[in-house]
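Fold and contact review
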Amino acid sequence: MKKRLLLPVLLMTTLIAKANQDTTLVDLGEVIIKENRIEIPFNKISRNVSIISRKDIETTPARSLQEVLSFTPGVDVRQRGVSGVQGDVGIRGGGFEQTLMLINGIKMTDPQTGHHIMNIPVPLQAIQRVEVMKGPASRIYGQNAYAGAINIVTMLPETRGLNIQAYGGDFGMKGISAVSSLPVDLPFGKYKQTLSFSHDASSGHWYNSDYKVSNVFYEGGLELNDRNELRTMIGYTDRSFGANGFYTNSFPDQWESIQTFLASLSHTYNYENLYIQSRAYWRRNTDEFRLRRNEPAFFTNNHVTDVLALEFNGRYESKLGTSGFGVEGRQEQIESSNLGNRERSFLGVFAEHRFEFWDDFDFRAGVYSNYYNEYGWKHFPGAELGYQISNSSRVYTNYGASYRIPSFNDLYYEDPSNFSNPDLVPEEAQSFEVGYKFNRRGLRFELVYFNRYTENLIDWSRAPSDIVPNPNRWTPRNISEVTFQGIETGLQYALNLGSENFKLKEVSLSYNYIDANLNQAAGVESRTSLTALRHQAIAGVQSEFFTNLELNVKARYIERMSLDPYFLMDIRIDYNRLKTFGVFAEASNVTNAEYVEAGFVQMPDRWFRAGISINLQQ
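A few points on the structure.

Thresholds applied
- Residue positions are counted from 1 within each chain, in the order its sequence is given.
- Given that the model is predicted, a residue must reach a pLDDT of at least 70 before its local features are reported, and side-chain atom pairs must reach 80 or more before they are shown or counted; all residues, however, enter totals for whole chains, interfaces and linings.
- Side-chain metrics in this entry use all non-hydrogen atoms of the structure; hydrogen atoms and water are not considered.
- For the purposes of this entry, the term helix denotes a DSSP run of H or I that reaches at least four residues, the term strand denotes a run of E that reaches at least two, and both are numbered from the N terminus.
- For the radius of gyration, the atom set is restricted to C-alpha positions; the globular benchmark scales as 2.2 Å times the number of residues to the power 0.38.
- Each residue gets one of three labels from its accessible area relative to the maximum for its type: buried under 20%, exposed over 50%, partly exposed in between, using a 1.4 Å probe on protein chains only.
- In what follows, residue pairs with any heavy atoms lying within 4.5 Å of each other are defined as contacts.
- Shrake-Rupley sampling with a 1.4 Å probe provides the accessible areas, and residues are treated as covered by the protein chains on show and by no other component.
- Asp and Glu are treated as the negative residues and Lys and Arg as the positive ones, with His and the ends of the chain left uncounted.
- Every charge is mapped to an atom, namely NZ of Lys, CZ of Arg, CG of Asp or CD of Glu.
- Two strands qualify as a pair provided that DSSP identifies no fewer than 2 bridges between them.
- Put simply, a salt bridge is a Lys or Arg side-chain nitrogen that is within 4 Å of an Asp or Glu carboxyl oxygen.

With that settled, the discussion passes to the overall build of the chain. Counting its secondary structure elements, the chain contains five helices and 33 strands. In terms of overall dimensions, the chain is globule-like: its C-alpha atoms have a radius of gyration of 24 Å, near the 25 Å expected for 618 residues. With respect to the three principal axes, the spread of C-alpha positions in the chain is 65 × 60 × 50 Å. Out of the 618 residues in the chain, the part that is buried amounts to 54%. Long-range contacts, defined as pairs at least 24 residues apart, comprise 62% of the intrachain contacts of the chain with a sequence gap of at least 6. Carbon together with sulfur atoms contributes 56% to the accessible area of the chain, which is approximately 25500 Å² in total. Considering the chain, the positive charge centre built from 62 side chains and the negative charge centre built from 70 side chains are found 4 Å apart.

Another point: the pairing of strand β25 (residues 443-462). In the sheet, strand β24 (residues 427-440) pairs with β25 via 13 bridges, with the strands oriented antiparallel. Following the sheet pairing, Asn439 is matched in β25 by Arg444. What sits between the antiparallel neighbours β24 and β25 is a turn of two residues, in which Arg441 has the positive phi angle 50°. Relative to strand β26 (residues 475-498), β25 runs antiparallel, the two sharing 18 bridges. Within β26, the position partnered with Leu447 by the bridge is Thr489. For β25 and strand β28 (residues 525-526), the ladder comprises two bridges, and the chain directions are antiparallel.

With that out of the way, let us pick up the pattern of salt bridges. Considering all chains together, one arrives at 47 salt bridges under this definition. Put simply, Glu586 and Arg63 hold a salt bridge, and the shortest N to O gap is 3.1 Å. With Glu586 in strand β32 (residues 581-588) and Arg63 in the loop between α2 (54-59) and α3 (65-69), the pair connects residues that are 523 residues apart, well separated along the chain. Each member of the pair Glu586 and Arg63 is classed as buried. With a shortest N-O distance of 3.3 Å, Lys192 and Glu158 are connected by a salt bridge. Of this pair, Lys192 sits in strand β13 (residues 189-202) while Glu158 sits in the loop between β9 (148-153) and β10 (161-169); the two residues are 34 residues apart in sequence, bridging distant segments of the chain. Overall, Lys192 belongs to the buried group, its relative accessible area being 7%. One network of salt bridges, with partners in common, ties together Glu35, Arg37, Arg47, Arg139, Glu352, Arg364 and Glu384.

Here you go:
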């Protein structure tokens, strides 16, 4: 009933959203990576960054951001079920606690556990692009960007528009989403705004794996004058799901319900050589977990976390280059039936400078200094050096120190299978990277070597036992040291070859290899550190038939340390994607592979969905 009412309301209020522009051939050199302070064109970045464009999001056979990210080289997405109900994201062998998620530069840090960082309140159709920064980003974003950072970017269109999408498929799957924009000219400035929502549901692909996920996201921007702008974001996501196999295979009736709220307000001053942004935000996450879905009295955990933060960022451009500076303060607190009532606060200070010399060289260096009330001051320097061989070729290298404090879950969680360890100390790492980029006439190629040496890595481990199942409890510990190193290589070629009846639009291929040298006590069982990616190969082919029919085929080979490898193929077909009315169909796991990504959840065999899209513009 709500869906029936909402659609005519949107239409009657003329929230007619602009149809998305096609980006068949994207010049990534024109994409600006903002990083909160210093803005750098994509082709001048001296590190490995992947850009997921709007077209990539539209044509990928995926129903969630987690599934879209799974096709990104070097990114390890481990889902418990389909459609991103809960998915953990790691980069370059890093765990889900070591990746930072952001929405327009706003951190989605959750002090309870990294399992919640993907509780993104932005519908997939409202995302303009995704920037995936691989390698240490603590110098740029702070302590949680240990192994990398993922920034979701939304846009405020200049024109009115409405995009509606609805679909259905196997497992009783169904969903609807709408993205609308309504800019308004006011006497004191132009006010741009977007409102979007989505609802996805399924009866589940196996016992007790049903889910309902709803998202609402609003963004507004007021241009006061040519120097000052105000922006606000408000987002809410509600997800409830059967959690069979999520955390243990001993209780198939596990159930979880999570609500995440985000609100932010920012002011930007931009005049001549000076840019200053100040913003405040609040993120609340509510989590209820039941070991038996219909017996809450048997075992239930309730957690409420709040993160309140204030940030001040700026940059100044001069003849000597670009200087970036910033300061942030954050208060984190939790009220929990298991973890107790706790809080912590910290202060962070940023400083960096970038300059170009000898025409073809550029150098960037900086430091992030962090003060936690529990750990005192820590300093994390970093530097990047790039050499532009030609307009199409670039070599680069970088170094960075990174840092992650234990989550409240690491420190205090206990149940019959797990012990807590309040004596944990923060993880620290030193990372190095060297790479080569080539970008010319639709051909993009990149080759990267990276090395990350970690001290005090936090891992859940337990002593072995001859008894099955093992009765010993898992306990988080600071294992002595781990070295992750590997290579990443990727090629993308926009061919656009053929006739009106058939065109081969694009081919892509990437391969990633990671080696981990783990030093710890003999015989100890590790729950997370030895399950990182070892081999990852991703291939894609995009083609077009009779102008309006598009076919996108994606294939992946995944092999994790100590786990069996598997091969997946996914397909999407679009008809009239950019027209007023379009249809699409998707098939996942076409190869019918048997595989597990996380926990004890057996992922589904071959499954299908199909839907329609409506694009209206004024």
